[in-house]
Amino acid sequence: MAKGKSNVVSHPQVNDIDMFGANIPKSKKVAWVKMYTGMDHKEAQKAVSTMESYSGSGYHSIHNGSDQAANDLINKVIDSPKTPVYSGKQYRGIHVSLGFAKNKGAGSVQEYLDTIVQSGVWKEDGATSFSATKKTAMNFGNFGYSDKDNVSVLVTYKGGKTGMPFKHISKLSSENEVLHSQTDMMKGKKITKAYWNKSKTELFIDVDD
């Protein structure tokens, strides 16, 4: 690879989060996966069930990386060169508690998050969903209810090179999700800008590839 060039795979881009519909029949979800990945019918069915599980009861074990088999299947779908990406802005809202920060060895939530910012890279352990809707992400981040021990974080990704539009497969289509593979999130996104509000109860981070 030539110096300075990105190693991000060039996927076809979609700028309409509603392009593939919502609440479509499972048979159409399977057909969609087969078309973009080349999976056989049985594997595509399993992939759809796994992604539906991610949007429901299976979220935590997939997102935290403990269900590697599920992540491998999701990686195969999202990382396929033919799978489309959502090219619009994407937002991820999270809430970080003092207990979580202490479990990570930090003395405060602010210390934990400052360490991440200083690293220059935003990483996560498994498949991760952003939203095409800023308000949805901020609701997940508990913005408006944060305090020094319960910090709201909004991560904004402007690159438009990764993240599969997921509304048509998710069981929670109203969230306008964009699903990123474990491959993508473990590599991480470069932090290009980060700033706190005055009380250090809200953190805003911009990332790119």
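Just so it is clear, the structure is predicted and the values come from calculations on it, not from any experiment.

About the cut-offs
Residues numbered from 1 in each chain as written. Predicted model: local features only at pLDDT ≥ 70, side-chain atom pairs only at ≥ 80, totals over all residues. Heavy atoms only, no water. pLDDT = per-residue confidence, 0-100. Contact = heavy atoms within 4.5 Å. Helix = DSSP H or I, 4+ residues; strand = E, 2+ residues; numbered from the N terminus. Buried < 20%, exposed > 50% of the residue type's maximum accessible area, 1.4 Å probe, protein only. Phe/Tyr/Trp six-rings, centres within 6.5 Å; stacked < 30°, edge-to-face > 60°. Lys NZ or Arg CZ within 6 Å of the ring centre and 35° of its normal.

**A word on the confidence of the model for the protein**
Phase 1: Confidence in the prediction for the protein averages 94 pLDDT; 96% of positions are at 70 or higher.
Phase 2: Under a pLDDT of 50 for its full length, residues 1–5 has, in the predicted model, two contacts with residues more than four places off or in other chains.

**Some details on the environment of alanine 101**
Phase 1: Take alanine 101: it is sitting in helix α5 (residues 98–103).
Phase 2: Judged by its relative accessible area of 0%, alanine 101 is buried.
Phase 3: C-alpha separation for the pair alanine 101 and tyrosine 86, spaced 15 residues apart in sequence, amounts to 31 Å.
Phase 4: In this structure, alanine 101 is in contact with Ala106, Ser108, Val109 and Tyr112, ignoring residues within four places of it in sequence.

**Remarks on unusual backbone geometry**
Phase 1: Even without being a glycine, asparagine 23 presents a positive backbone phi close to 55°.
Phase 2: Tracing the chain through its elements places asparagine 23 in the loop between β1 (13–14) and α1 (26–37).
Phase 3: The class of asparagine 23 is exposed, set by a relative accessible area of 59%.
Phase 4: Look at lysine 200: it is not a glycine, yet its phi comes out positive at around 55°.
Phase 5: Residue position: lysine 200 is located in the loop between β9 (189–196) and β10 (202–208).

**Quick notes on helix α4 (residues 68–78)**
Phase 1: Taken together, the buried positions of α4 are occupied by Ala70, Asn71, Leu73, Ile74, Asn75, Val77 and Ile78.
Phase 2: Buried residues belonging to α4 abut α1, α2 (41–54), α3 (59–63), β7 (164–165), β8 (177–180) and α8 (182–187).

**Considerations on the packing of aromatic side chains**
Phase 1: Going through the model one piece at a time under the given rule, you end up with eight aromatic pairs.
Phase 2: Ring centres of tyrosine 54 and phenylalanine 166 lie 6.2 Å apart, and the angle between their planes is 70°; on these two criteria the pair is classed as edge-to-face. Of this pair, tyrosine 54 sits in helix α2 while phenylalanine 166 sits in the loop between β7 and β8, and the two are 112 residues apart along the sequence.
Phase 3: When the ring centre of tyrosine 157 is taken as origin, the NZ or CZ atom of lysine 189, which lies over that ring, is 4.2 Å away.

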